[in-house]
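The chain contents come next:
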Amino acid sequence: MITAYNPGAQPQSHADNVAAHARLREQAAPWAPLETVNGSGPHAEPSLLLRGVPLHEAAALGRAAGQVAIVWGVGHRAALVWLQGERMQLERHWLSPVNGA
C-alpha cells in the first residue's frame, strides 16, 4: 500500500496531493492498482494497493512519491517498510481477520 499524499509527512495542499496521487497511479499502472484509504479520520489518505509488486519496486515507488514508509505484504504477512535513503527497515506483522471475516 502506497500513498503519495503529504510527502515527507509534511502537509500539502489538496490540489498538490491530488496531483501527486495521479502521478503515482500512472507509475503504478503495471500492477493494476486498487484505490484504498490509509488511516482514518483527519489522517485518512487515499492510497493504492498494488498486487504482485516486488518489494524493491514498491520501495522505489514510495521514494519517488516522497514517502517515509510504505506497507508491503504477502499472504498473511505484512511489513511497515521505512524508507531511509537507499536503505529499508522492515517491521514485520502477521495479519488477522477483522470481526471474524
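Being a predicted model, the structure only gives us computed values, none of them experimental.

Rules used throughout
The written sequence of each chain sets the order in which its residues are numbered from 1. In view of the model being predicted, local features appear only for residues whose pLDDT reaches at least 70, and side-chain atom pairs are presented and counted only at 80 or more, with totals across whole chains, interfaces and linings using the full set of residues. Just so you know, side-chain values use all the structure's heavy atoms and leave hydrogens and water out. Here a helix means four or more residues in a row that DSSP labels H or I, a strand means two or more in a row labelled E, and each is numbered from the N terminus. Only protein chains enter the accessibility calculation, which uses a 1.4 Å probe. A residue is then buried if its area is under 20% of the maximum for its type, exposed if over 50%, and partly exposed in between. By definition, residues are in contact when any of their heavy atoms lie within 4.5 Å. Remark: nonpolar core denotes a set of buried residues (Ala, Val, Leu, Ile, Met, Phe, Trp, Tyr, Cys) joined through side-chain atoms within 4.5 Å. Here the arc refers to the directions that run from the helix axis out to each C-beta atom. Think of a polar contact as two N or O atoms within 3.5 Å of one another; within protein, one of them needs to be a possible hydrogen donor and the other a possible acceptor, and neighboring residues in sequence only count if both atoms come from side chains. A strand pair is defined by DSSP finding two or more bridges across the two strands. Only the contacting stretch of a helix is used when fitting its axis, a line to C-alpha atoms as for every element, and angles between N-to-C directions run 0 to 180 degrees.

Novice: Lay out the environment of V68 with the relevant residues and their values.
Specialist: Among the structural elements, V68 can be located in the loop between α2 (55–64) and β4 (69–74). Classification of V68 as partly exposed rests on a relative accessible area of 39%. Counting along the chain gives 16 residues from V68 to Q84, while the straight-line C-alpha distance between them is 7.1 Å. Excluding anything up to four places from it in sequence, V68 contacts G8, V81, W82 and L83.

Novice: How would you summarise the nonpolar core if you had to cite specific residues and measurements?
Specialist: For soluble globular proteins, the rule of thumb is that nonpolar side chains tend to be buried together. One finds I2, L24, L50, L61, I70 and V81 to be the most contacted residues of the largest nonpolar core, which totals 18 residues. Elements with a minimum of two residues in this core: α1 (14–27), α2 and β5 (77–84). Ranked by residues supplied to this core, first place goes to α2 with four residues. For L50, the residues in contact, after removing those within four places along its chain, are I2, A28, W31, P33 and L61.

Novice: An account of α2 is requested, with residue identities and associated values reported.
Specialist: Burial in α2 covers these residues: L55, A58, A59, L61 and G62. Considered in projection along α2, the buried side chains sweep an arc of 160° and stay on one side of the axis. Opposite the buried face of α2, by more than 90 degrees, sit the exposed residues H56 and A64. Of the surrounding secondary structure, the elements contacted by the buried residues of α2 are β1 (2–3), α1, β4, β5 and β6 (87–94). With its phi angle positive at about 80°, G66 sits one or two positions after the end of α2.

Novice: If you had to explain the environment of N17 to someone new, which residues and values would you point to?
Specialist: Locating N17 in the fold gives a position in helix α1. Residue classification places N17 among the buried positions, given a relative accessible area of 5%. Sequence spacing of N17 and N6 is eleven residues, and the spatial spacing of their C-alpha atoms is 6.6 Å. The contacts of N17, once residues within four sequence positions are left out, are A4, Y5, N6, P7 and Q12. At 3.5 Å, the side chain of N17 and the backbone oxygen of Q12 are in polar contact.

Novice: Help me get a handle on the sheet that holds β1, residues and values and all.
Specialist: The sheet built from three strands is open, its strands ordered β1-β3-β2 with antiparallel pairing. The open sheet has two edge strands, β1 and β2 (34–38), and neither has a second partner. The sheet contact formed by β2 and strand β3 (residues 45–49) spans five bridges and is antiparallel. Residue N38 lies in a different strand from β3, and its bridge partner there is E45. Of the strands in this sheet, β1, β2 and β3 are in contact with α1, which crosses β3 at around 0°.

That is the geometry; function is a separate question.
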